[in-house]
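Observations on the three-dimensional arrangement
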Amino acid sequence: MAKAKTLFTIGYEQTPAKAVLDELQQAGVKLLVDVRAVASSRRPGFSKNQLAAGLDERGIAYVHLRGLGTPKEGREAARSGQYETLRKIYDAHLKTPQAKEQIDELSALVKTSGPICLLCYERDHAHCHRQWIAEIIEDRDHVKVENLVAPQT
């Protein structure tokens, strides 16, 4: 029986870019899928172009699936710790045509690419929409989900 593929997730909150890149490289990730609605950041190294360049230096490809990002009202709920509200907002978002299309795209990438990791801001995967995406892919494509945590150096 074939070994199940692993889908990794990681958040970069309170973590330097080098630590995240080191963690991805150590895990053997070949493709980072950015699931932020807005791929810019005040944290150095995590805006789309900087992140893609840092990944490229380590042989890791980058894809931004903006349609899987949390809508603005969901991000506001998360910032205020209203995780049940976030979940309701995100569940509704997943029913949109763009989100459905990008779940299909992610599923195809998981089947055809090397080890993949979903990236978002939230350090704790239990409070982040990337965990819900990972659970959908886990059920749909029978992958194992592993949540990476880079050191806060």
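Preceding this paragraph is the structure being described.
I will try to describe carefully the structure that is included in this document. Given the structure is predicted, the values throughout are model-derived calculations rather than measurements.

Let's talk about the overall build of the protein
Each helix and strand counted, the protein has 6 helices and 5 strands in total. The secondary structure elements of the protein, listed N-terminal to C-terminal, are β-α-β-α-β-α-α-α-β-α-β. Its C-alpha radius of gyration of 14 Å places the protein within 12% of the 15 Å reference for a compact globule of 153 residues. Considering only C-alpha atoms, the protein reaches an extent of 40 × 35 × 25 Å along its principal axes. Burial statistics for the protein: of 153 residues in total, 48% are counted as buried. Here the contacts in the protein between residues at least 6 apart in sequence split such that 76% fall between residues at least 24 apart. Accessible area for the protein stands at about 8,000 Å²; split by element, carbon and sulfur atoms hold 50% of it. Treating the 22 positive side-chain charges of the protein as one cloud and the 20 negative ones as another, the clouds have centres 2 Å apart.

What to know about the sheet that holds strand 5 (residues 144–147)
Ordered in space as 3-2-4-1-5, the 5 strands form an open sheet in which the pairing is parallel. Strands at the two margins of the open sheet, each flanked by one partner only, are strand 3 (61–64) and strand 5. For this sheet the average axis-to-axis angle between neighbouring strands, irrespective of direction, equals 25°. Judged from the 4 bridges that link them, strand 2 (residues 31–34) and strand 4 (residues 116–120) form a sheet pairing that is parallel. Bridge pairing in strand 4 links Leu31 to Ile116. Against the sheet, helix 2 (residues 48–57) engages strand 2, strand 3 and strand 4, with an angle of about 155° to strand 3.

Remarks on helix 6 (residues 129–141)
Its 13 residues place the ends of helix 6 18 Å apart at the C-alpha level, agreeing with the 18 Å of an ideal helix rising 1.5 Å per residue. Buried residues of helix 6: His129, Arg130, Gln131, Trp132, Ile133, Ala134, Ile137 and Asp141, and no others. The inward-facing, buried residues of helix 6 abut strand 1 (6–11), helix 4 (83–93), helix 5 (97–112), strand 4 and strand 5. Residue His142 follows helix 6 closely and has a positive phi angle near 55°.

Some thoughts on the environment of Asp22
For Asp22, the location among the structural elements is in helix 1 (residues 17–27). Sequence separation of Asp22 and Arg58 is 36 residues, and the distance between their C-alpha atoms is 9.0 Å. Only 2.7 Å separates the side chain of Asp22 from the side chain of Lys18, close enough to count as a polar contact.

Rules and cut-offs
- Residues numbered from 1 in each chain as written.
- Predicted model: local features only at pLDDT ≥ 70, side-chain atom pairs only at ≥ 80, totals over all residues.
- Heavy atoms only, no water.
- Helix = DSSP H or I, 4+ residues; strand = E, 2+ residues; numbered from the N terminus.
- Rg over C-alpha atoms; globule rule 2.2 N^0.38 Å.
- Buried < 20%, exposed > 50% of the residue type's maximum accessible area, 1.4 Å probe, protein only.
- Contact = heavy atoms within 4.5 Å.
- Areas by Shrake-Rupley, 256 points an atom, 1.4 Å probe, with all protein chains shown as cover.
- Lys, Arg positive; Asp, Glu negative; His and termini not counted.
- Charge placed at Lys NZ, Arg CZ, Asp CG, Glu CD.
- Pairing = 2+ DSSP bridges.
- Axes fitted to C-alpha atoms, helices over the stretch in contact; angles between N-to-C directions.
- Expected span 1.5 Å × (residues − 1).
- Polar contact = N/O pair within 3.5 Å; in protein donor to acceptor, adjacent residues only side chain to side chain.

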